[in-house]
Amino acid sequence: MMATLPLIDLSGPKLVGIARLAAEGESLRQGHDVEYFTLPVRSLLNRCTVARMPFTWTINPYRGCEFACKYCYARYTHEFMEMRDGVDFEQKIYVKQHAADLLRQELRRVKPGEEIAIGTATDPYQPAERRFEVTRIILEELARHQGLELGIITKSDMILRDLDLLGQIKGNNQLSVNVTITTLDVNLARILEPRAPRPDLRLDAVRKLSQAGITAGVSCAPVIPGITDSPRNLESLVRATAEAGGKHIFANPLFLKPCSAAVFLPFLEREFPHLAASYHERYKDRAFLPASYGKRISQLMAHLRQKYGIVRGGERYDRRSHTAPQAGIQLALF
């Protein structure tokens, strides 16, 4: 089953670091335009150096993500492996090896109060997990420890497979799960997130996690201007989260790095041509929308959380705090 040809031509300039390791990875399977490769990494626990992020450490069991979300910000991570085509991120998936052994050694570096976030740049429960189970291996190791602060973020109801381990981890550590849902509209979700589970399945995962005593909530990220940012769309999502027993919900606006814009903007021109000119204008020289847009989103979400009795907004992931608007105010968002 194992192919021996390297993914990248090694006859060119000498590759170093993660790019060399990726080039030496072996192909495990090819089908429906997705190919898996082994990745013999030297480290699994990565220190987060971005000041705006609320966690200290990250774990990503895979590199690349088969869900193929059109807005995905993490496509840039394949550039570290000298892959400049943004589509490679969803078609060439790297499976990290020796996860448990690496994690066992590296957890010694984690100090009390430092949160570990699992799934920040690639979904830990993407289709590859059904076969390779790297995420489960990581959870099995975490279940042997105590005193950790852990967060998991995913778009997949496959997380329910690991309820047993999540319960064990919760007994000796702080654990929170964020299930990403950008819209409850199934048809819209299929366009935006082609290979991710349906939003109703993700919402059911929030319900079952909550019933099992796991702190779970919803990440509405990104909020996509003109597509998912209507007060009606956001209110339906907050209401559904409350009904599912979700303990928190937060929302952050879309941002577009150049590698993401190269995929998202052509998609926008095909599927939402009436928005194309506005997007090109607003994102032409920046990755982020003006702070005023994010403030309006935060205000609306604060009002909706209050309306539906959700106390928390996922403050560690949405640090902005703004006064809620008065009920009945219709916000002009974009």
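Cut-offs and rules
Residues numbered from 1 in each chain as written. Predicted model: local features only at pLDDT ≥ 70, side-chain atom pairs only at ≥ 80, totals over all residues. Heavy atoms only, no water. Helix = DSSP H or I, 4+ residues; strand = E, 2+ residues; numbered from the N terminus. Buried < 20%, exposed > 50% of the residue type's maximum accessible area, 1.4 Å probe, protein only. Expected span 1.5 Å × (residues − 1). Contact = heavy atoms within 4.5 Å. Axes fitted to C-alpha atoms, helices over the stretch in contact; angles between N-to-C directions. Parallel < 35°, antiparallel > 145°, perpendicular 65-115°, else oblique. Left-handed = near helix turned anticlockwise from the far one by under 90°. Pairing = 2+ DSSP bridges. Phe/Tyr/Trp six-rings, centres within 6.5 Å; stacked < 30°, edge-to-face > 60°. Lys NZ or Arg CZ within 6 Å of the ring centre and 35° of its normal.

Trainee: Please explain unusual backbone geometry as it appears in this structure.
Mentor: Cis geometry is adopted by the peptide bond preceding proline 222, which originates at alanine 221 and carries an omega value of 5°. Secondary-structure assignment places proline 222 in strand E10 (residues 215-223). A positive phi angle, close to 60°, is found at alanine 68, a residue other than glycine. Its place among the elements puts alanine 68 in the loop between strand E5 (62-63) and helix H2 (88-91). Classification of alanine 68 as buried rests on a relative accessible area of 7%.

Trainee: Is there a simple way to think about helix H12 (residues 291-308) in this case?
Mentor: Because each turn of an α-helix spans 3.6 residues, side chains separated by three or four positions in sequence point in the same direction. In a regular helix each residue adds 1.5 Å, so 18 residues correspond to 26 Å; H12 covers 26 Å between its end C-alpha atoms and thus fits that length. In this fold, the buried residues of H12 make contact with E10, helix H9 (231-243) and strand E11 (249-253). Taken from the residues just after H12, glycine 309 is the one with a positive phi, measuring 75°.

Trainee: Got a minute to help me understand the packing of H9 against H12 in this structure?
Mentor: Between H9 and H12, the least distance of the axes is 10 Å, while the angle of their chain directions is 40°. By the angle between their directions, the pair H9 and H12 is classed as oblique. For the crossing formed where H9 meets H12, the hand is right-handed. Residues Pro231, Leu234, Glu235, Val238, Arg239 and Ala242 of H9 form the contact with H12, whose own contacting residues are Ile297, Leu300, Met301, Leu304, Arg305, Lys307 and Tyr308.

Trainee: Please explain the sheet that holds E11 as it appears in this structure.
Mentor: In spatial order, the strands read E3-E4-E7-E8-E9-E10-E11; together these 7 strands make up an open sheet with mixed pairing. Each edge of the open sheet carries a strand with a single partner, namely strand E3 (45-47) and E11. Sheet twist, expressed as the mean angle between neighbouring strand axes with direction ignored, is 25°. Together, E10 and E11 form the strand contacts of H9, whose direction differs from that of E10 by roughly 170°. Relative to E11, H12 is tilted by about 165°, and along the sheet it contacts E10 and E11.

Trainee: Teacher, can you tell me more about the packing of aromatic side chains here?
Mentor: What characterises a pair of aromatic rings is the spacing of the ring centres plus the angle enclosed by the ring planes. Inspection of every chain in the model, using the stated rule, returns 8 aromatic pairs. Taking 5.4 Å as the distance between ring centres and 80° as the angle between the ring planes, the aromatic pair formed by tyrosine 36 and phenylalanine 132 counts as edge-to-face. You can see tyrosine 36 sitting in strand E2 (residues 34-39) and its partner phenylalanine 132 sitting in helix H4 (residues 128-132), a full 96 residues away along the chain. The same class applies to tyrosine 36 and to phenylalanine 132, which are both buried. Between tyrosine 279 and tyrosine 283 the ring centres are 5.7 Å apart and the planes differ by 20°, which places this aromatic pair in the stacked class. Separated by 4 residues within a single helix, tyrosine 279 and tyrosine 283 lie in helix H11 (residues 273-283), roughly one turn from each other. Note on accessibility: tyrosine 279 and tyrosine 283 belong to one class, buried. A connected cluster of aromatic rings, assembled from ring pairs, spans Phe264, Phe267, Phe272, Tyr279 and Tyr283. Here lysine 257 stacks its cationic end above the ring of tyrosine 76, 4.8 Å away from the centre of that ring.

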